[in-house]
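Here is what each chain is made of, one letter per residue.
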Amino acid sequence: MKPSEQLRRLWRDDGAFAEHRLRTILIAVLVAAGSVAALVWGPDDPSDRLATVWTTVFSAVLSLALITLIYEMALRQSHAIALRRFLRLNSTVVHSGLQSIEEDSDVEWRELFTATSSATFVLASPYPAVGYLKDLIRAGRDRALKIRFCLPDIPAEAEMDEQSAARVEALTRAVGADQRIGSAIGSTIEDLVSTFERESSQLAAGSTMDVAVYDVPVFMEGVLLDRATVAMPIPAAGRPRGSSASCMVFVESQSLEIRRLRDSLEAIADAAVEVESKQSGAG
């Protein structure tokens, strides 16, 4: 193989560092050759202090040159590849707006709610809904808020057919609940209404809260705010009983994928059938 082809093969996967590597290797080779020459033809009298210093200095220089050669030949390329992957990943994270991935209980909900005038909750599990509402009202004190909760539509047991029963079974497994989830949804809707009626005086007049139900299967819960999207995937095997949802918080995302995810949750919310509607200051 020609020397030029060998050089091209050496640097073909690392073009960004090619010129730097070539310059560094050439300098390291020259320094190593000079150090070898100095050690071979320099003073060699063991009793001569100059010979001792000469040997020590040029041995150290030769070692550094060899280490540099080994790094440039064997490690620089892998470092460059790792660095490019990191920068590409970092760019993707920034573009997506991903701020954090953590359990529901660890999310800074108050901070997210402080920066929004609207909040839409598409939930499969009814249990955290009232807590969300309380945090939202406290964070939105003296501001006008538009709130919408969307929960699964569970028919009464007497009206439940085989298909509905299978859907309820899948839902209970998905969110780590039991067969009483239907009554839990009903009581949650009542608690949402009573909580809003009791605490909405803290909000500006005209604030609203709607509660709606949907009858389509969902594979992800979500919270949609003015400048943030919180996605809560539902595991394929369902959540363990009593566990919190895992939340991915995207703030001011520019990602088309996150936009599509948000649009799908908004579509569920828009199609949900309203069952309660309240306004602050209304009798």
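Just so it is clear, the model here is predicted, and its values are computed rather than measured.

**Quick look at the side chain of Ser 125**
In step 1: Positionally, Ser 125 belongs in the loop between β2 (118-122) and α5 (129-139).
In step 2: Beyond its immediate chain neighbours, meaning those up to four positions away, Ser 125 contacts Val 175 and Glu 221.

**Description of the sheet that holds β2**
In step 1: Overall, mixed pairing links the eight strands, which are arranged β1-β7-β6-β5-β2-β3-β4-β8 in an open sheet. Since the sheet does not close on itself, it has two edges, and those belong to β1 (98-103) and β8 (273-279), each with one partner. Sheet twist, expressed as the mean angle between neighbouring strand axes with direction ignored, is 10°.
In step 2: Pairing of strand β4 (residues 208-214) with β8, which is carried by six bridges, proceeds in the antiparallel orientation. Paired with Asp 210 across the two strands is Ser 277, which belongs to β8.
In step 3: Where helix α8 (residues 256-271) meets the sheet, it contacts β2, β3 (146-152), β4, β5 (220-225), β6 (228-233), β7 (246-251) and β8, and its direction lies at approximately 95° from that of β5.

**So, the pattern of salt bridges**
In step 1: Evaluated as defined, the whole model comprises ten salt bridges.
In step 2: Between Glu 266 and Arg 259 there is a salt bridge; the shortest N-O distance is 3.4 Å.
In step 3: Look at Glu 266 and you get partly exposed, because its relative accessible area is 25%.
In step 4: Taking relative accessible area as the criterion, Arg 259 reaches 39% and is therefore assigned partly exposed.
In step 5: The residue Arg 262 makes a salt bridge to Glu 266 at a minimum N-O spacing of 3.3 Å. In this pair, Arg 262 and Glu 266 both sit in helix α8, four residues apart, roughly one turn of the helix.
In step 6: Within the structure, one salt-bridge network assembled from shared partners comprises Arg 259, Arg 262, Asp 263 and Glu 266.

**Here's the deal with a nonpolar patch on the surface**
In step 1: Taken together, the side chains of Val 36, Val 40 and Trp 41 define a hydrophobic patch exposed on the protein surface, amounting to about 360 Å² of accessible area.
In step 2: As for its placement among the helices and strands, Val 40 is situated in helix α2 (residues 18-41).
In step 3: For Val 40, a relative accessible area of 53% translates into the label exposed.

**Description of the packing of aromatic side chains**
In step 1: Counted according to the given criterion, the structure contains five aromatic pairs.
In step 2: Relative to Phe 121, the ring of Phe 113 lies with its centre 6.1 Å away and its plane at 75°, an arrangement referred to as edge-to-face. This pair shows no difference in class: Phe 113 is buried, exactly as Phe 121 is.

**So, α8**
Along an α-helix, residues three or four positions apart point the same way, because every turn accommodates 3.6 residues.
In step 1: Under the 1.5 Å per step criterion, the end-to-end length of α8 is 22 Å for 16 residues, consistent within 8% with the ideal 22 Å.
In step 2: Every buried residue belonging to α8 is among Ile 258, Leu 261, Arg 262, Leu 265, Ile 268 and Ala 269, and all of these are buried. Taken around the axis of α8, the buried residues stretch over an arc of 115°, which confines them to a single face. Of the exposed residues in α8, the ones pointing more than 90 degrees away from its buried face are Arg 260, Asp 270 and Ala 271.

**What about unusual backbone geometry?**
In step 1: The phi torsion at Asp 142 lies on the positive side, around 70°, for a residue other than glycine.
In step 2: Along the chain, the position of Asp 142 falls in the loop between α5 and β3.

**Regarding the environment of Val 168**
In step 1: On the secondary structure map, Val 168 appears in helix α6 (residues 162-175).
In step 2: When its relative accessible area of 2% is taken as the criterion, Val 168 is described as buried.
In step 3: Sequence-wise, Val 168 and Pro 155 are 13 residues apart; in three dimensions their C-alpha atoms are separated by 9.2 Å.

**Digging into the pairing of β7**
In step 1: Relative to β7, β1 runs antiparallel, the two being bridged by five bridges. Note that in β7 the partner of Glu 102 across the bridge is Cys 247.
In step 2: Pairing between β6 and β7: four bridges, direction antiparallel. Bridge pairing links Ala 231 to Met 248 in β7.

What counts and how
- Residues numbered from 1 in each chain as written.
- Predicted model: local features only at pLDDT ≥ 70, side-chain atom pairs only at ≥ 80, totals over all residues.
- Heavy atoms only, no water.
- Helix = DSSP H or I, 4+ residues; strand = E, 2+ residues; numbered from the N terminus.
- Contact = heavy atoms within 4.5 Å.
- Pairing = 2+ DSSP bridges.
- Axes fitted to C-alpha atoms, helices over the stretch in contact; angles between N-to-C directions.
- Salt bridge = Lys/Arg side-chain N within 4 Å of Asp/Glu carboxyl O.
- Buried < 20%, exposed > 50% of the residue type's maximum accessible area, 1.4 Å probe, protein only.
- Patch = residues over 30% accessible without salt bridge, like charges linked within 9 Å, V, L, I, M, F, W, Y side chains within 5 Å.
- Areas by Shrake-Rupley, 256 points an atom, 1.4 Å probe, with all protein chains shown as cover.
- Phe/Tyr/Trp six-rings, centres within 6.5 Å; stacked < 30°, edge-to-face > 60°.
- Expected span 1.5 Å × (residues − 1).
- Arc of directions from axis to C-beta.

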